[in-house]
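Results of the structural survey
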Amino acid sequence: MTPTLGKRGRAAELLRLARAEFGSLRPGEAAMLRGAALGEETNLAQGDDERLTWNPKFEQRLTWDAEKETGSAWGCWETWGEHRRVRAGVVRWVCAHKAAARLVDPYGLILDGALVEGGLDLDGADVPFRLFFFGCALPDGVSLRDARTRTINLQGSFAGPITADGLRAKGDVNLRNGFRARGEVRLLGADIGGDLSCSGGSFDCAHDKKGNPVGKGRALLADRLRSSGGVFLRNGFRARGEVRLSGADIGGDLACSGGSFDCARDRKGNPVGKGCALNADGATVRGTLYLCGAAFEGGQACGTPAPSRGGVLDLAGARVGYLHDQASGTAGWLGKTYPPGLLLADFRYEAIHSQAPLDARRRLAWLALHDKTAAGYLPERERAGHFDPQPYRQLASVLRRQGRGGEANTVMVEAARKQGRAAYARLRAKNGMAWPAWIARMPSVVWENVKPGVAAEWGRLWRWVFRVVAGYGYRRWRPLLWMVGIIALGGVVFYDPLPGDPVVGRMQPTQSRALADWVETGEKGEWVARYPAFSTLAYSADTFLPLVNLNQEAYWTPRTWWVKRVYLPLHILGGWVVTTLFAVSFTGLVRGQERE
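If you're wondering where the values come from, they're calculated on a predicted model, not measured in any experiment.

The secondary structure content of the protein amounts to 17 helices and 36 strands. Residues classed as buried in the protein amount to 51% of the 596 residues present. Sequence separation of 24 or more characterises 60% of the internal contacts of the protein that already satisfy a separation of 6 or more. As displayed, the protein has an accessible area near 27,700 Å², and 53% of this comes from carbon and sulfur atoms.

Written out as structure tokens, the structure reads:
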């Protein structure tokens with residue numbers, strides 16, 4: 001049985017294998033291999049005051065002109081000495097060569113202040129230990145396609161484009177605390193066993209020599225990402241280019257608090273591509289979506305003809321546990337949290353955080369921002385007739401579950417109002433004229449052409465009545481107020497100062513014999529004395545309320561022609577309408593619309 005090598009023995013053996021593979025090793029490479037075998041951090045900047053620093057001019061906006069003026073845009077590694085240079089091939093060898101990887105301590109490969117020359121290619125590699133690059137420079141980028149590894153930590157480092165499609169990491173992936181990437185960082189279909197932490201990192205899409213974005217202008221591309229933990233884009237995170245999380249499955253939180261998201265821009269500052277700042281279309285967030293203090297900047301909305309001041313936050317189809325977008329006491333939360341472009345189509349969330357806005361006024365402004373952005377994708381002639389009720393129903397359902405039934409009703413009232421206006425706009429657009437024009441052209445317009453417009457106007461009238469009387473069915477007690485008010489109004493109209501006198505009074509008996517006795521003889525017979533006495537409010541209620549008999553309507557009728565021919569029919573019709581709306585509202589039949 002071969003005895004197990006100690007740490008020093010493993011270091012000597014690893015160096016021997018490396019020299020057999022590469023010949024001579026650079027000082028930094030030998031120190032890196034020795035530290036990997038001993039399980040120690042290798043700091044190649046010891047005794048050297050020069051660290052990986054950044055030009056302050058580029059903390060605001062990277063431009064090609066500024067780079068030409070300052071010489072180095074991203075760091076000072078161009079002046080680093082030979083002792084800090086490590087070939088990318090040596091790093092790949094120690095990670096991918098089975099014999100070499102077995103000699104690395106489980107603590108992992110830990111490099112500090114190194115310059116990795118050449119692109120680090122770990123495609124398809126199975127790295128059995130952790131990778132730490134602190135304050136290192138990898139200007140030619142990193143490739144981790146279909147690699148298998150543990151934790152990857154590039155904290156405080158600089159890297160060119162990173163391609164990690166299909167990466168399988170059992171631990172965390174840390175691109176945080178001063179990490180900077182120039183070029184697209186791709187994590188398409190990656191599977192991360194821990195967190196993806198980019199907090200405090202800076203991501204810039206690739207630019208050509210003229211300073212214009214290359215390709216689609218994406219800074220972080222993580223479509224179909226699977227993360228057992230959270231995704232953290234907060235506390236100083238900065239992206240200059242689209243951040244895509246489309247179809248991602250995030251087991252923890254998606255935290256964007258304190259992050260800055262900007263769409264890709266050309267050298268003149270104009271947005272390019274779709275102008276999206278953060279796209280989480282179809283993503284699933286099993287924890288909380290934090291948007292407090294996030295800043296969105298950018299160009300015009302995706303496909304929107306009219307320019308806007310900011311980019312687009314695309315949450316269409318996303319699934320979230322909790323939504324936490326801003327403290328409820330903060331003024332102007334909508335402008336501070338969201339960009340001028342927002343998409344919420346089929347965006348589902350289980351609850352709204354208690355510290356986020358829960359009042360209908362601010363949430364309706366939030367949904368109105370979505371309506372405006374969504375309509376911008378449509379041709380101008382179709383915008384007035386467009387309305388998507390799903391975001392309103394989702395919000396109302398969540399508010400009702402959280403014990404805010406009144407706020408939920410307000411949301412649904414607004415949804416019904418907008419839906420009615422959209423339907424009316426579609427019918428008018430289809431018919432091509434407003435109702436005054438139909439009246440003027442009736443002699444020359446056949447009924448088939450007028451019919452859609454008439455239906456639109458009647459539908460509009462009915463929706464107006466439904467909204468005023470019952471708040472589209474969500475103000476269940478409002479019809480009672482209308483009942484009381486109309487009955488009281490009827491009491492004024494039907495008031496008879498001389499009750500029982502059909503000659504000079506306003507009311508007369510409906511029974512012909514009683515009327516004849518009163519009119520012809522002016523006297524009341526014995527049976528007429530037992531005739532039901534007239535009561536103003538009872539008569540008003542009897543004629544107004546259907547299926548109610550107070551012994552008034554059958555025995556008395558107005559004597560004045562306008563009361564009998566004009567007001568009384570409207571009074572009876574109003575009773576049927578108001579009581580029907582009361583029944584619909586009180587039973588909650590319309591609230592089934594909130595259920596998805």
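After that view, the rundown keeps rolling.
Right, let's talk about the pairing of strand β6 (residues 131–134) for a bit. The pairing of strand β3 (residues 109–112) with β6 spans four bridges and is classified as parallel. When the bridges of β6 are listed, Ile110 appears paired with Phe132.

Spatially, nine strands are ordered β5-β8-β12-β16-β20-β24-β28-β31-β33 in an open sheet, and the strand pairing comes out parallel. The sheet is open, and its two edges are formed by β5 (120–121) and β33 (341–343), each paired on a single side. Alignment of strand β16 (residues 185–186) against strand β20 (residues 218–221), held across two bridges, turns out to be parallel. From the neighbouring strand, Val185 faces β20, where its bridge partner is Leu220.

According to the stated counting rule, one finds 18 salt bridges in the structure shown. One salt bridge connects Arg348 with Asp346, and the closest N-O pair in it is separated by 2.7 Å. Given the relative accessible area of 26%, Arg348 is considered partly exposed. Since its relative accessible area comes to 28%, Asp346 is described here as partly exposed. In this structure, the salt-bridge partner of Asp371 is Lys418, at a minimum N-O distance of 3.2 Å. One end of the pair, Asp371, is in helix α7 (residues 360–375); the other, Lys418, is in helix α10 (residues 405–431), with 47 residues separating them in the sequence. For Asp371, a relative accessible area of 15% corresponds to the buried category.

Below, the discussion takes up the nonpolar core. Formed by 112 residues in total, the largest nonpolar core has its most connected members in Leu33, Leu167, Leu233, Phe261, Phe347 and Trp366. If sequence neighbours within four positions are ignored, Leu167 has contacts with Leu144, Asp146, Ala147, Thr149, Ile152, Val173, Leu187, Ala190 and Asp191. The next biggest cluster of nonpolar side chains, apart from the first, holds 11 residues, and it includes Met483, Ala541, Val578 and Phe582.

Contact geometry for helix α1 (residues 7–22) and helix α2 (residues 27–38): axes closest at 8 Å, N-to-C directions at 145°. With respect to the hand of their crossing, α1 and α2 are arranged in right-handed fashion. In this structure, α1 contributes Lys7, Arg8, Arg10, Ala11, Leu14, Leu15 and Ala18 to the contact, and α2 contributes Ala30, Leu33, Arg34, Ala37 and Leu38. Partitioned by chemical class, the residues of the contact of α1 with α2 number eight nonpolar, no polar and four charged.

Note on placement: Asp542 falls in helix α16 (residues 536–544). Lacking a salt bridge, the buried Asp542 has Lys564 as its closest oppositely charged neighbour, with an N-O distance of 16 Å. Excluding residues within four positions of it along the chain, Asp542 makes contact with Val548, Asn549, Leu550, Asn551, Gln552 and Glu553.

Before going further, it helps to examine a nonpolar patch on the surface. On the surface, Trp561, Trp562, Val566, Leu570 and Leu573 cluster together into a nonpolar patch covering about 580 Å² of accessible area. Within the secondary structure layout, Trp562 lies in helix α17 (residues 561–587).

Below, the discussion takes up empty space enclosed by the protein. Under the criterion given, the structure shown has two cavities of 30 Å³ or more. Taken as a whole, the largest cavity spans an internal volume of roughly 130 Å³. Considering the residues around the largest cavity, the lining is formed by 15 residues, among which Val142, Leu144, Ile152, Leu154 and Ile162 are closest to the centre. Residues of the lining of the largest cavity, tallied by class, amount to 15 nonpolar, no polar and no charged.

Once that is clear, we can look at the packing of aromatic side chains. Where two aromatic rings form a pair, the distance of their centres and the angle of their planes describe that pair. Taken as a whole and assessed by the stated rule, the structure comprises 11 aromatic pairs. Summarising the aromatic geometry, the rings of Phe203 and Phe237 are spaced 5.4 Å apart at their centres and angled 40° between planes, so their arrangement reads as tilted. With Phe203 in strand β19 (residues 202–204) and Phe237 in the loop between β22 (231–232) and β23 (238–240), the pair connects residues that are 34 residues apart, well separated along the chain. This pair shows no difference in class: Phe203 is buried, exactly as Phe237 is. With centroids separated by 6.3 Å and ring planes inclined at 50°, the aromatic side chains of Tyr338 and Trp366 adopt a geometry described as tilted. On the criterion of sequence distance, the pair formed by Tyr338 in the loop between α6 (333–337) and β33 and Trp366 in helix α7 is long-range, its members being 28 residues apart. Neither residue differs from the other here; Tyr338 and Trp366 are each classed as buried.

A separate point is the side chain of Asp223. Mapped onto the elements of the fold, Asp223 is located in the loop between β20 and β21 (226–227). We classify Asp223 as buried; its relative accessible area is 10%. Sequence-distant contacts of Asp223, defined by excluding residues within four places in its chain, comprise Leu187, Leu188, Gly189, Arg244, Leu245 and Ser246.

Looking now at the confidence of the model for the protein. Per-residue confidence for the protein averages 78 on the pLDDT scale, and 76% of its residues sit at or above 70. A low-confidence stretch, residues 55–73 (pLDDT under 50), is modelled with 35 contacts involving residues beyond four sequence positions or located in other chains. A low-confidence stretch, residues 441–454 stays under pLDDT 50, and its non-local contacts, those more than four residues away or across chains, total 12 contacts.

When two helices pack together, their arrangement is given by the angle between their axes and by how far apart the axes lie. Between helix α13 (residues 478–493) and α16, whose axes approach to 8 Å, the crossing angle comes to 125°. When the axis of α13 is compared with that of α16, the two are oblique. Two packed elements cross with a definite hand, and for α13 against α16 that hand is right-handed. Across from Met483, Ile486, Ile487, Gly490 and Gly491 in α13, the residues of α16 making contact are Thr536, Leu537, Ser540, Ala541 and Phe544.

This part is about α13. Along its 16 residues, α13 runs 23 Å from first to last C-alpha, staying within 8% of the 22 Å computed at 1.5 Å per residue. Taken residue by residue, α13 has Pro479, Met483, Ile486, Ile487, Gly490, Gly491 and Val493 as its buried positions. For α13, the arc enclosing every buried residue in end-on projection is 160°, short of the 170-degree limit, so these residues lie on one face. Projecting away from the buried face of α13 at angles above 90 degrees are the exposed residues Leu481, Val484 and Val492.

Reading the values: rules and limits
Residues numbered from 1 in each chain as written. Predicted model: local features only at pLDDT ≥ 70, side-chain atom pairs only at ≥ 80, totals over all residues. Heavy atoms only, no water. Helix = DSSP H or I, 4+ residues; strand = E, 2+ residues; numbered from the N terminus. Buried < 20%, exposed > 50% of the residue type's maximum accessible area, 1.4 Å probe, protein only. Contact = heavy atoms within 4.5 Å. Areas by Shrake-Rupley, 256 points an atom, 1.4 Å probe, with all protein chains shown as cover. Pairing = 2+ DSSP bridges. Salt bridge = Lys/Arg side-chain N within 4 Å of Asp/Glu carboxyl O. Core = buried A, V, L, I, M, F, W, Y, C linked by side-chain atoms within 4.5 Å. Axes fitted to C-alpha atoms, helices over the stretch in contact; angles between N-to-C directions. Left-handed = near helix turned anticlockwise from the far one by under 90°. Nonpolar A, V, L, I, M, F, W, Y, C, P; charged D, E, K, R; others polar. Lys, Arg positive; Asp, Glu negative; His and termini not counted. Patch = residues over 30% accessible without salt bridge, like charges linked within 9 Å, V, L, I, M, F, W, Y side chains within 5 Å. 1 Å grid on protein atoms, 1.4 Å probe; cavity = no way out; pocket = protein on both sides within 12 Å on 5 of 7 lines; lining within 4 Å. Points joined across faces, edges and corners; volume = space filled by probe spheres on them. Phe/Tyr/Trp six-rings, centres within 6.5 Å; stacked < 30°, edge-to-face > 60°. pLDDT = per-residue confidence, 0-100. Parallel < 35°, antiparallel > 145°, perpendicular 65-115°, else oblique. Expected span 1.5 Å × (residues − 1). Arc of directions from axis to C-beta.

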